[in-house]
Amino acid sequence: MNSQTTSAARSSAAPLQPELTKRKLLVLAWLDRLAPVLAALAVIGVWELICRVFALPNYLLPSPSAIVTSAFALDPGIWLTHTWATLRVSLGGYALAIIIAIPLAVLLANSRLMSRTLYPMLVVIQSTPIVGVAPIIVVLMGAGEMPRIFITFLITFFPIVVSTVTGLMSTPEELKELSRSLGASKAREIRNIQLPFAVPYIFSALRISITLAIIGAVVAEFVAAEKGLGFFIAFSTSFLRIPQAFAALIVLVTLSLLLFQVIALVQRWLFPWSLPKESR
Amino acid sequence: MALRLFKHSLFALGLLAASTTAAFAADKIRWMNDWLPSGDKAAIYLGVEQGFFAEEGIEVEIINGRGSSEVVTRLAAGAADMGTGGLPALLQAKAEQTINVSAVMSIYSMQPDLLILPEGSPIRSLADVEGKTLGTATFSASNVIWPILLRSNDIDPDSVNLVRMDPGALGPMLAAGRVDGTINWITKIPSFAEVMQEAGKDVEVILWSDYGLDGYGLSVLASDRLIQRNPDLVERATRAYSRALALAVENPRLAAEALKAHVPEMDVELAAAEFEASIPLIVNDISDANGIGTFEPELLAKTWEWVARSQELALDALDPTSAIDTRFIAD
Amino acid sequence: MLTPDATIRFQDVEQVFMSSDGTAVQALANVNFSIARHEFVAVIGPSGCGKSTLLRIIAGLVRPTRGSVQIYGLPVTEPREEIGIVFQRPTLLPWLNILDNVTFPMRHKYGRVTAQETERARELLALTRLEEFAAKRPDELSGGMQQRVGIARALLHDPDILLMDEPFSALDALTRDEMSFELLRIWTEKPKTVLFITHSIPEALLLADRILVMSARPGAVREIIDVGLPRPRTLDTLSEKRFNELANHIRSQVFSRPVAA
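Residues numbered from 1 in each chain as written. Chains lettered and ligands numbered in written order. Predicted model: local features only at pLDDT ≥ 70, side-chain atom pairs only at ≥ 80, totals over all residues. Heavy atoms only, no water.

Draft legend 1. Spotlight on the sheet that holds strand 6 (residues 133-137) of chain B. Residue and element names in this part refer to chain B. The sheet built from five strands is open, its strands ordered 7-6-8-5-9 with mixed pairing. Every other strand in the sheet has two partners, leaving strand 7 (161-165) and strand 9 (203-207) as the edge strands with one partner each. The average undirected angle you get between the axes of adjacent strands in this sheet is 30 degrees. Bridging between strand 6 and strand 8 (residues 181-185) involves two bridges; their strand directions are parallel. (Pairing = 2+ DSSP bridges. Helix = DSSP H or I, 4+ residues; strand = E, 2+ residues; numbered from the N terminus. Axes fitted to C-alpha atoms, helices over the stretch in contact; angles between N-to-C directions.)

Draft legend 2. Spatial organisation of the interface of chain A and chain B. Contacts between chain A and chain B engage 27 residues on the former and 34 residues on the latter. Both faces considered, chain A and chain B share a buried interface measuring about 2,400 Å² in area, 63% of it formed by carbon and sulfur atoms. Contact with chain B buries area across many residues of chain A, yet Tyr59, Phe239 and Leu240 of chain A alone supply 30% of it, more than any other trio. Counting across the interface, chain A meets chain B through two salt bridges. A salt bridge links Arg241 of chain A to Glu194 of chain B; the nearest nitrogen and oxygen atoms lie 3.2 Å apart. Taken together, the connections running from chain A to chain B amount to ten residue pairs in polar contact (both at pLDDT 80 or more). Every element with two or more residues in the side of chain A that touches chain B is listed here: helix 4 (76-110), helix 6 (130-141), helix 9 (186-223) and helix 10 (229-238) of chain A. Of all the elements, helix 10 of chain A adds the most residues to the side of chain A that touches chain B, at six residues. Classifying every residue of the side of chain A that touches chain B by side-chain character gives 19 nonpolar, five polar and three charged. (Contact = heavy atoms within 4.5 Å. Buried area = accessible area lost by both parts, 1.4 Å probe. Salt bridge = Lys/Arg side-chain N within 4 Å of Asp/Glu carboxyl O. Polar contact = N/O pair within 3.5 Å; in protein donor to acceptor, adjacent residues only side chain to side chain. Nonpolar A, V, L, I, M, F, W, Y, C, P; charged D, E, K, R; others polar.)

Draft legend 3. Quick look at the UniProt feature "domain: SsuA/THI5-like" (unreviewed entry) in chain B. With numbering aligned to this structure, UniProt lists the feature "domain: SsuA/THI5-like" (unreviewed entry) at residues 42-253 of chain B. The span residues 42-253 of chain B carries 42% helix and 24% strand; its end-to-end C-alpha distance comes to 10 Å. (UniProt positions renumbered as here; feature names shortened; annotations may be inferred.)

Draft legend 4. Main features of the pattern of salt bridges. All names here are of chain C. One pass over the structure, following the stated rule, counts 39 salt bridges over all chains. For Arg56, the salt bridge is made with Asp165, and the minimal N-O distance between the two is 3.2 Å. Here Arg56, found in helix 1 (residues 51-58), pairs with Asp165, found in strand 7 (residues 161-165); they are 109 residues apart in sequence, far enough to count as distant. A salt bridge links Glu203 to Arg176; its shortest N-O distance comes to 3.1 Å. You can see Glu203 sitting in helix 6 (residues 201-207) and its partner Arg176 sitting in helix 5 (residues 173-189), a full 27 residues away along the chain. Each member of the pair Glu203 and Arg176 is classed as buried. Among the charged side chains, a network of salt bridges with common partners joins Arg129, Arg148, Glu178, Glu182, Arg185 and Glu189. (Buried < 20%, exposed > 50% of the residue type's maximum accessible area, 1.4 Å probe, protein only.)

Draft legend 5. Fine view of the interface of chain C and chain A. Taken together, the 23 residues of chain C in the interface contact 20 residues of chain A. Taking both sides of the interface into account, the surface hidden between chain C and chain A amounts to around 2,100 Å²; carbon and sulfur atoms contribute 64%. By the criterion of area lost to chain A, the three top residues of chain C are Leu61, Trp95 and His108 of chain C, representing 33% of everything that side buries. In this assembly, chain C and chain A are joined by two salt bridges. Among the salt bridges present, the one from Arg89 of chain C reaches Glu174 of chain A, with a minimum N-O distance of 2.8 Å. Taken together, the links from chain C to chain A amount to seven residue pairs in polar contact (both at pLDDT 80 or more).

Draft legend 6. Main features of the domain arrangement of chain C. All names here are of chain C. Parsing chain C into structural domains produces domain 1 (1-82 + 160-261) and domain 2 (93-158). The distance between the C-alpha centroids of domain 1 and domain 2 comes to 26 Å. Taken together, the contact pairs 16 residues of domain 1 with 16 residues of domain 2. For the pair domain 1 and domain 2, the summed buried area comes to about 1,400 Å², and 61% of that belongs to carbon and sulfur atoms. Counting across the domain 1 and domain 2 interface gives five salt bridges. Among the ionic pairs, Glu81 bridges to Lys109, the shortest N-O distance being 2.7 Å. (Domains from an automatic or database assignment.)

Draft legend 7. Examining the sheet that holds strand 4 (residues 101-106) of chain B more closely. All names here are of chain B. Within the open sheet, the five strands sit side by side as 2-1-3-10-4. Their pairing is mixed. Each having just a single partner strand, strand 2 (58-64) and strand 4 make up the two edges of the open sheet. In this sheet, adjacent strand axes meet at a mean angle of 30 degrees when their direction is disregarded. As judged from the two bridges shared by strand 1 (residues 27-33) and strand 3 (residues 82-86), these two strands associate in the parallel manner.

Draft legend 8. Looking closely at the nonpolar core. Membership of the largest hydrophobic core comes to 93 residues, with the highest contact counts inside it found for Trp79, Phe157 and Val161 of chain A together with Phe10, Leu54, Ile58 and Leu163 of chain C. A per-element tally of this core places helix 9 of chain A first, with 15 residues. Formed by 68 residues, the second largest nonpolar core is a distinct cluster that contains Met165, Ile186, Ala237 and Met266 of chain B. (Core = buried A, V, L, I, M, F, W, Y, C linked by side-chain atoms within 4.5 Å.)

Draft legend 9. The packing of helix 4 of chain A against helix 7 (residues 146-169) of chain A, seen in detail. All names here are of chain A. Where helix 4 meets helix 7, the closest approach of the two axes is 7 Å, and the angle between their N-to-C directions is 35 degrees. Handedness of the crossing formed by helix 4 with helix 7: right-handed. In terms of residue class, the contact of helix 4 with helix 7 is made up of 21 nonpolar, six polar and one charged. (Left-handed = near helix turned anticlockwise from the far one by under 90°.)

Draft legend 10. Structural view of unusual backbone geometry. All names here are of chain C. Residue Pro232 is reached from Arg231 by a cis peptide bond, and omega for that bond is -5 degrees. Residue placement: Pro232 occurs in the loop between strand 10 (220-226) and helix 7 (241-255). Despite not being glycine, His38 has its phi angle at roughly 60 degrees, a positive value. Mapped onto the elements, His38 comes out in the loop between strand 2 (24-35) and strand 3 (40-44).

Draft legend 11. Geometry of the arrangement of the chains. Of all two pairs of chains that touch, the greatest number of contacts is found between chains A and B. Across all C-alpha pairs, the smallest distance from chain B to chain C is 50 Å, and the two are not in contact.

Draft legend 12. Here's a closer look at the domain arrangement of chain B. Residue and element names in this part refer to chain B. Along its sequence, chain B is carved into domain 1 (13-110 + 215-328) and domain 2 (113-211). Contact with domain 1, which involves 15 residues of that partner, is made by 14 residues of domain 2. Between domain 1 and domain 2, the buried area comes to about 1,300 Å², and carbon and sulfur atoms account for 73% of it. Our count for the domain 1 to domain 2 interface comes out at one salt bridge. The interface formed by domain 1 and domain 2 includes zero residue pairs in polar contact (both at pLDDT 80 or more). Within the residue set of the side of domain 1 that touches domain 2, elements represented by two or more residues are helix 12 (268-282) and helix 14 (297-311). Counting residues per element, the side of domain 1 that touches domain 2 draws most heavily on helix 12, at six residues. In terms of residue class, the side of domain 1 that touches domain 2 is made up of eight nonpolar, three polar and four charged.

Set out below in C-alpha cells:
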C-alpha cells in the first residue's frame, strides 16, 4: 500500500520535474515512511474537531483530549497494575493454548481416528460462545487467576490447532516417504520434517491468537476480576466514566499491537526462512 | 504394636500441630461483594482497614461478583465463604432448588429500586410512566419486580416501553434524552447526577418503596458449610461487619477512603456520596424499631411475597424463615 | 531375462488397493521382470498404469498384495539402505541451506552428520555443479538446480539403486534436456542401477538401456524394449533413425493404436 503510493507519487512527479533533486526524493521517502503516523494523527485531529464543533458530551463520544486528560489524571501505578494483570492473564492463557494446541495438532494430523473423534468436539468447543459459559467456568474454578487463564485459553487455542494441523498436513508426501525409506521413526519425522513445515502456519495462527488472548483476558475480567483492564473498563463504565474507559481501550489496543509485533519479530528472529522472501 | 504406638503418637503430634496453628493463624474468609467496587460496598473495606476483622482473628479476601445471584451461586459452590447480596435473590434461588446458603444479617431494610428522571420530567408519579420509554440494565433484578409493582398500582406494564441495555449505557442514554427515565438503585444517584451535570441537568427520583415495594434488600450471606463447620467464625465476621457498617453510616468519608485504599482508581467524593445515598436504606423507621441487621418476621414474609409474585411461585414454595439464620446478630 | 543374479526382480507381482468407496482397484497385475546390476531401466506408460506403485514397492514403502520383489535375491519387506529416491518434486527443506539439504537424510536418520558425510556432500554438489550454492537456501535456486540437489541428496549414502519418479516432469523442456544429459554424465561417473519413471518417450530413449512399456487398468508390462542405441548418447542420438523408429513403436504401444510414421 505504502510502496504503491510512493511509486505512484514518484512516477507522476519525475516526468514533470526531471531536475528532481536528491533532497526532494529524501523528503518524499520520509513522507512515505511517516504516512501511517500522519494518517493516524489526521484521524485524531478530525475526531477532536468533531467533538468540539458539535460540543459532544463525554458520555456520548469523549474527545481525544478528554481521554488523554482522564488517562493522566490517574496514578500511573494504577495503569501499570491493571495492564500487568491483563498481560499476565493473556500470556498465561496464550502459553497454555500453545502447550496444548501444538501437541494436539500433531496428534490430529497423524491419526485419522483421533482427527475423526476429536475434531467434532473441538468444533463444538469453538462454536460455544465463551462469553456465555464464562460465568460457569468462574463458578467451577473458583476465585483467582485460573478461571481467567482458562477462558483465555479457550478463546485462543482453536485457531492454533486448526492452523497447525493444516501446516503439518502441508508436509509434502514425498518427504514423509523419504523419512520412511530411511527407516526413521515417526517421532523424528514429526520433529525434523512435519513441525518445521508447519512453522509458517503456526506463526500466522500465533499472530492472530495473541490478539485473541487479549480479548479473552478482557472477557474473563468482565466476568470476574479484581484487577485488569477488562475490570477497569467495567468499573469505569459502572461510574459512567466514559473517557476513562476509552483510555483503557486505547491501552488494550496498544498492548495488542505490541504483542502482535513481538510475535512477528520472534518469527523473523528464529525462523527467517518461514517468511516470504521479500519480507525477510 | 510398635507401629500402632507410632501411629498414635503421630496422630497426637498432628493434633497438637493443628491446634497451635489454629491459635496463631488468622481464619481466612473469601468475601464476595455483589457488584464491582462502588461507594455503597464500602463497609467491608472499612472493616478491613480499621482492623475490625483482624481483631476478630479474621483475614479477609474481597472478591467482586456480578450480581446477587452470582454471589448466591458462588457461595453455594464453595467458591466464596460470605458476602453481600439481595435477600430476594436468595429467596428465589432457595425456592427453586437446594441452595445451601443463608442470610445472617440484613443491611437494607428497604428496597433500593427507584426511577431516575431528568429534572422537570413529566413523570411526577408512578402512574405517569404510561406511554413512556424507560431504560434498565439487562440483568437487573429490578426488572422482575417492575411489572408486579406496576400491576399492584393498577398500571398496565405493557403501556411502558422498557429498553434493556448495558448498565454503563444507562447514564448516557438518559443524559442524551433517548430514554425518559431509568430503573436503578438509590446508590447510583451520585454518578448519574455527575453525568447529567455535563448535560446541564439535575436528577429527580421516584422511590419504589413509596409505591408499596417493601422488604429486605442487601443482606450478609454465608454458605451453610461455613456456618456448620465454624459458626464461631461466622459470628465474629458478622460482628466485625456490623461494627464497620455502623462506623460507615457515621462517617461515610472514612468508609470511602478505606475503599480507595483497596481500589485506588476510586473517587473518594463520589464513593462517599454513594454510601450516603444508601444510608436511608440502612437507617430508617424499620431499623429504629427492630435494630440494624435483624430480620423482622412480617417484613421477611413480605419480601418473600414480592419474590413469589414476581417469579410466579406458590406462596408455600418456601418458608422464608428457613433462608435466614439469626444466631449471629448481636441483640 | 530372469537372471538369478539380477539386482531387482519382480515375480508375479499383483497390487490391489481399496479405494475410498470400498471397491477394490487393481493397480498391478502379473508383473514380471528383472533389472541387472548398473542397468538403466525406464518405465513408461499412461497415467494410472501403476508406475509409481512399482517404484514404491521396490523402495519397501508399499507391500505387494501378491507375488514377491527381491533385491539381490532377498525379498523386500521394509525400506533398505541401498536405495536412493528422487521424487517428481525436489521437496527440499526450506529451512536448510543446500549443503544441509544434501546431508539431511543422515541428520534425519542418525541425528548427526559426520565430517566425512559433509565432505561427500560437497563432492556430490561438485558432481551436480552446485558447489557455489552450498550456502544458499532452496528458494534461491531454479527448479532444475533444486532437482539436482534432490539427486545429490539421493546419492549421499552411495546407494546401489536409484529410483527416480518422473524427476524432470516439473521442469521446462529446455531444462529437461539439459538435466537428461546431466544425469547421464553422473550415471557414467557413478554407475548405479536406475529405475526411471517417465512420461516422455524421447527422455526414456535417450537415457535407458531398456524400456518397460506398461498398459493401464490393471497396470501390466506390455513390452520390454532393448534400446540398443550406442553410448555415450548425445544430441545426435535424437536424430538417429532407430531413435525415431523406437519412439513411434512405443507411442503405438502406449496408445494401443498405430501412429502414422
